[in-house]
Amino acid sequence: MPTARDAASTAEFFDPLAHVPNGAALRGARDAGDIRAVLAATGALTTHDDVVATLWAVAGHATVDPRFTAAIDAADDGTPLARTLRAVRYVTVGWAIRSRFRAEHVSAGQFEQFHDWLRRAERVLFDVCSEHPGYVPAWEARITTARGLELGSGEARRRFDRLAALDPQVFAAQRAYLQQILPKWSGSWEEASRFVEECTAGAAPGSLGPLLAVDLAVERWLDGERIVPPAMLDRVRQAAMSSVWHPEHPRTVATATAHANLALLFTVAQQYADAAPHFEALGDAPVEGMWGYHPGEPAVNFRTHRDLAAKAAAKAAGRRGPGARA
Amino acid sequence: MTAAFPNLADFPGITAAEADGVPVLLAPRTGNTAGGIIFRVGSAHETLATSGITHLIEHLALRDQVLSDAHLNGHTHADVTVFHVAGSTSDVVAYLNDVCAALRELPVDLIETEKDILRSEAEGRSTGFGGRMRINRHGARGFGLAGYGERGLDRITADEVLGWSATRFTRENALAWISADALPEGLDLRLPTAGRRPPPVLTNVLPDTPAYLTGLQDGVAFDTVVPRGYTAQIASRVLREVLHRDLRGNADIAGTLDVGYEILDDDLARVSVTVQAAEDRPDAAVGGLADALGGLRFHVAPDDLAAARAEALDEIAAVASAPPADLLPALAHRVISGRPLVGPVQARAKIEQVTADDVRAMAREMWSGALWFGPGVMDWAGIAPAPVWSQERGRGRTFRRKDAPDVALVLAAEGVSLVTPDGAVTVRFDDCVLLECVPDGARVLTGADGFRIVIEPTLYEALGVWDVVQHVDPRVSASVTVQLPARDPGDIPVAEPPPPTATGARGRWGLWGGDRSGGPVSVMATVVLVAALWVVGIVVLGGGQLLLSELLDFELRLGLLPVLALVWASIGLVRQRHGKSDR
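As annotated in an unreviewed UniProt entry, chain B is Zn-dependent peptidase from Promicromonospora umidemergens.

Looking at an unreviewed UniProt entry, chain A carries the name DUF4034 domain-containing protein, with the source organism given as Promicromonospora umidemergens.

Encoded structure:
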């Protein structure tokens, strides 16, 4: 998600790289501007969700610093990974300019620059996908460039389908395409619901597909549906059981994002006891997920609600007696 | 000199003879007899001011054909004109003799009748998106003329018809064929002699490619000019395989798709691809087509190459096993075009030699030469917009457009410009390939590069009809000037149209704004509507003031505002009903 945030406190507090294998080394390399080391470490990752999340996390660093962009450009060794990092960097820089306002609040000048960066990104990605049509991270980024450049949801869907044909379980790609078909971009709640159903039905055992429902529920909440329907909460509880709590669930950085979003949804639904295990699962390494949607400073919110959830869980555990688990 | 005699060694059963200086290809067949004659002249040899002249001659040459039971016809193509017939041997002889006799002495008294027939044939026929692509690539010349109707019909004279016929429909420019083992008795193919003509000139007005045009609603197309040959043919077939898989087999993106290959001259061919999108998916068709061609620059799947080769080899096999007489029309086209004849054995070898590397290299050529036409911009794929403005702008007397003061018409010594804040369109007088005139003083100039300027004197401040007529008419060659009949007065634009969105781009050929929807708008109805607006307006606005002061004990002092609102609404109404449509 190109929800680039430059607030240092947020960047330090939320750290998706903490959930990536060898994340500390990656963070160190990124902070030192050693992009070759970043690429070497990213190239060693084995799941598409980890690679994709790392690309966005690195590219979203210091979006106002042209030297970091230059460093990423300079490290382009012609590999699809390095080229995709460049492209994702252009997207995050552009998206930072656009800021996170909805389209009607963005000035014409911002839009021009935003589109300019996205076009630069798309040209790189077009060539990468031409030359390496099996390279999933480039297709993932193209779902977002299609949205930003307003190429149409048919085109975004085509890109998602190309990616899904290579790997049907990339949660980041499902989340990226869901954005396209939300009413705030060019879709509708019905279309978005259908896609959530599709991802749920097509999910491999233990995979994150069913949790796309959380994204949808949070989006509806953001859109003004202040009471999350109980049926939706039940559905999400079930989705969590069949994904992040499933014994065969393959952990990736997307797992952490899913926990963060589950915690957010249960928080806004004021189901703190339900939120608690998801906060806990993140341990000392929170990730932002959709917490930026919550009014106020995301890190502060996250901390505050994590505490509330812990208290609510303790209270519930007290009622149920030791050993009980939600 | 006649059309070079072909080497027919690779085509057993076919021989060549000569009748009255015209080469004749011969091959016997069972059943009835087929024959024809082909000339190396077509619509792409014309100019915009003479466009339609070849077609007109084709019609005149067939004017007196009354043959029982014989199937006969004529066709005017971009590069050649063909007359053909099937029937008894004597039918064929009579037909060919009559065609040549008519071409020696055209029935010029029938010109006006035939022009009317051609005009009604053209009615309802649109040059479509393909026409716009031709104009944007080739300009208003050569192969670009396919983007216009037969505009020359309105001015072509009998002398021009005779001159064109005497220099193009000649024995050096002709080749005949008959499905017989020897020249039949009584053949008389005497034709004028005036030397052999070259193929149409391949013009190009696209400064940079790849380029794109926007505005195609329900799909996407591109065409590209590449070195002709078996590699281009195989690459086109490979592309079709990829598109069938990416846009149809694995996805429901394309309704129909078409890949065409057209030889343009000795060196170049046009490959064109059209994808009609499945419902609601033109955006995906654009992306899918761009990715398909983009991908071919790097990867050619062995299965796709094998399928493309197999398909081409099947066609060669069909040629090899066909009765020789069936090949005569195609061979005649090749011979008259001056292209070498490649026999099946040689063709098979050449097809088998095309490698995946060759196809990849050809895909790069296709990409870099492409002109795209889709619903929206394609700059995201590194494709530049096709030019919508001329390089030059004239300096001279300037007239502002009444409804859009930032748009001006410039009458300069060397040409005419339409200047807007975004750019200018210029047609130089010495480069003008068609000047269309109507008696009310309006003029349309088309430049060789395909840019067009419409001058409607009523739309510009201080521009008199005589300013236009005296400035433009004497500076443009009479040989490209056409005088059209008077327009319906209702088609002359009024001075208060809504702001135009026109950019002056190439290919906006809706002459005189004739595509205004909904038919003529009655002035009387407008007067009635405006009156009704005022009656209702005074009641509502005036009543509203009274109502508010009654209910709220509040006197609303709108003063002249309601009246101004009504004036504004009336102007809007008149503009909406009588404004000039987009041209």
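Draft legend 1. Broad picture of the overall build of chain B. Across its full length, chain B holds 14 helices and 20 strands. Pairs at least 24 residues apart make up 76% of the contacts formed inside chain B by residues separated by at least 6 positions.

Draft legend 2. Spotlight on the nonpolar core. Judged by nonpolar contacts, the single largest core of 196 residues is most densely connected at Leu265 of chain A together with Val238, Val275, Ala285, Leu289 and Val359 of chain B. Among residues more than four places away in sequence, those in contact with Val238 of chain B are Leu296, Val300, Asp304, Leu305, Ala308 and Val359 of chain B. Core analysis: the second largest hydrophobic core is formed by 52 residues, Leu60, Ala61, Ile178 and Ala332 of chain B among them.

Draft legend 3. The arrangement of the domain arrangement of chain A in detail. Residues and elements named next belong to chain A. One can read the domain layout of chain A as domain 1 (1–169) and domain 2 (188–326). Taking only C-alpha atoms, the centre of domain 1 and the centre of domain 2 are 25 Å apart. On the domain 2 side, the residues contacting the 17 residues of domain 1 number 15 residues. Sorting the residues of the side of domain 1 that touches domain 2 by element identifies helix H1 (8–13) and helix H4 (48–59) as the ones contributing at least two each. A class-by-class count of the residues in the side of domain 1 that touches domain 2 yields seven nonpolar, six polar and four charged.

Draft legend 4. Geometry of the packing of helix H5 (residues 66–74) of chain A against helix H6 (residues 80–98) of chain A. Residues and elements named next belong to chain A. One can describe the packing of H5 onto H6 by two numbers: an axis separation of 9 Å at closest approach and a directional angle of 160°. Relative to H6, the element H5 lies roughly antiparallel. For the pair H5 and H6, the sense of crossing is left-handed. When H5 is examined against H6, the residues Thr69, Ile72 and Asp73 are found in contact with a partner set consisting of Leu85, Arg86, Arg89 and Val93. Tallied by class, the residues present in the contact of H5 with H6 amount to three nonpolar, one polar and three charged.

Draft legend 5. Geometry of unusual backbone geometry. Residues and elements named next belong to chain B. In the segment running from Thr209 into Pro210, the intervening peptide bond is cis, with an omega of 0°. Its place among the elements puts Pro210 in the loop between strand E6 (174–178) and strand E7 (211–214). At Asp280, a residue that is not glycine, the phi angle is positive and equals roughly 65°. Assignment of secondary structure puts Asp280 in the loop between strand E10 (268–277) and helix H7 (282–296).

Draft legend 6. The sheet that holds strand E14 (residues 408–412) of chain B, seen in detail. All names here are of chain B. Taken together, four strands build an open sheet; the order of strands is E13-E14-E15-E16 and the sheet is antiparallel. Whereas interior strands pair on both sides, the edge strands pair on one side only; in this sheet they are strand E13 (396–400) and strand E16 (423–428). Here the strands of the sheet are splayed against their neighbours by 20° on average, with no regard to which way each runs. Across five bridges, E13 lies against E14 in antiparallel orientation. Its bridge partner lying in E14, Thr398 is registered against Val410.

Draft legend 7. Highlighting the interface of chain A and chain B. In this complex, chain A contributes 16 residues to the contact, which on the side of chain B involves 19 residues. Only helix H7 (108–131) and helix H9 (153–166) of chain A provide two or more residues apiece to the side of chain A that touches chain B. For the side of chain A that touches chain B, the element with the highest residue contribution is H7 of chain A, accounting for seven residues.

Draft legend 8. Structural view of the environment of Val99 of chain B. Residues and elements named next belong to chain B. For Val99, the position within the fold is in helix H2 (residues 89–104). Taking the C-alpha atoms as reference points, Val99 and Phe83, 16 residues apart in sequence, are found 8.0 Å from one another. Aside from chain neighbours lying at most four places away, what touches Val99 is Ile37, Ala61 and Phe83.

Draft legend 9. Layout of the confidence of the model for chain B. All names here are of chain B. Summarising the model, chain B shows a mean pLDDT of 86, and 83% of its residues fall at 70 or more. For chain B, per-element mean pLDDT is lowest for helix H13 (residues 523–552), which scores 41, and highest for helix H11 (residues 356–369), which scores 98. Here residues 507–530 is modelled with pLDDT under 50, and outside its nearest four sequence neighbours on either side it reaches 34 contacts, counting other chains as well. Scored as a whole, the predicted complex attains pTM 0.85, and scored at its interfaces, ipTM 0.91.

Draft legend 10. How the structure looks around the sheet that holds strand E18 (residues 443–447) of chain B. Residues and elements named next belong to chain B. Spatially, the four strands line up as an open sheet ordered E19-E18-E17-E20, and their pairing is mixed. Single-partner strands in this sheet number two, and they are strand E19 (452–455) and strand E20 (481–483). Strand after strand, the sheet turns through a mean of 15° between neighbouring axes, direction not considered. Direction of pairing for E18 relative to E19: antiparallel, over a ladder of four bridges.

Draft legend 11. Region of interest: H4 of chain A. All names here are of chain A. Between its first and last C-alpha atoms H4 spans 16 Å; for twelve residues at 1.5 Å apiece the expected length is 16 Å, and the two agree. Of all the twelve residues making up H4, twelve are buried; the element is thus mostly covered by neighbouring parts of the structure. Taken together, the buried positions of H4 are His48, Asp49, Asp50, Val51, Val52, Ala53, Thr54, Leu55, Trp56, Ala57, Val58 and Ala59. Where H4 is buried, its residues contact helix H2 (23–31), helix H3 (35–43), H6, helix H8 (136–148), helix H10 (171–180) and helix H14 (253–268).

Draft legend 12. Representation of the packing of H2 of chain A against H3 of chain A within the structure. All names here are of chain A. Between H2 and H3, the shortest axis-to-axis distance is 8 Å and the interhelical angle comes to 155°. Between H2 and H3, the angle is such that the two are roughly antiparallel. The two elements H2 and H3 cross, and the hand of that crossing is left-handed. Here Ala25, Leu26, Ala29 and Arg30 of H2 come into contact with H3, specifically with Ala37, Val38 and Ala41. Here the residues of the contact of H2 with H3 sort into six nonpolar, no polar and one charged.

Draft legend 13. How the structure looks around the pairing of E14 of chain B. Residue and element names in this part refer to chain B. The alternating pattern of E14 places Leu409 and Leu411 on a buried face and Ala408, Val410 and Ala412 on a face that is not buried. In this structure, E14 lies alongside strand E15 (residues 415–420), joined through four bridges in antiparallel fashion. Looking at E15, one finds that Val410 is bridged to Ser417. In sequence, E14 turns back onto E15 through a hairpin of two residues.

About the thresholds
Residues numbered from 1 in each chain as written. Chains lettered and ligands numbered in written order. Predicted model: local features only at pLDDT ≥ 70, side-chain atom pairs only at ≥ 80, totals over all residues. Helix = DSSP H or I, 4+ residues; strand = E, 2+ residues; numbered from the N terminus. Contact = placed C-beta atoms within 7 Å. Core = buried A, V, L, I, M, F, W, Y, C linked by C-beta atoms within 7 Å. Buried ≥ 20, exposed ≤ 12 C-beta atoms within 10 Å, placed from the backbone. Domains from an automatic or database assignment. Nonpolar A, V, L, I, M, F, W, Y, C, P; charged D, E, K, R; others polar. Axes fitted to C-alpha atoms, helices over the stretch in contact; angles between N-to-C directions. Parallel < 35°, antiparallel > 145°, perpendicular 65-115°, else oblique. Left-handed = near helix turned anticlockwise from the far one by under 90°. Pairing = 2+ DSSP bridges. pLDDT = per-residue confidence, 0-100. Expected span 1.5 Å × (residues − 1).

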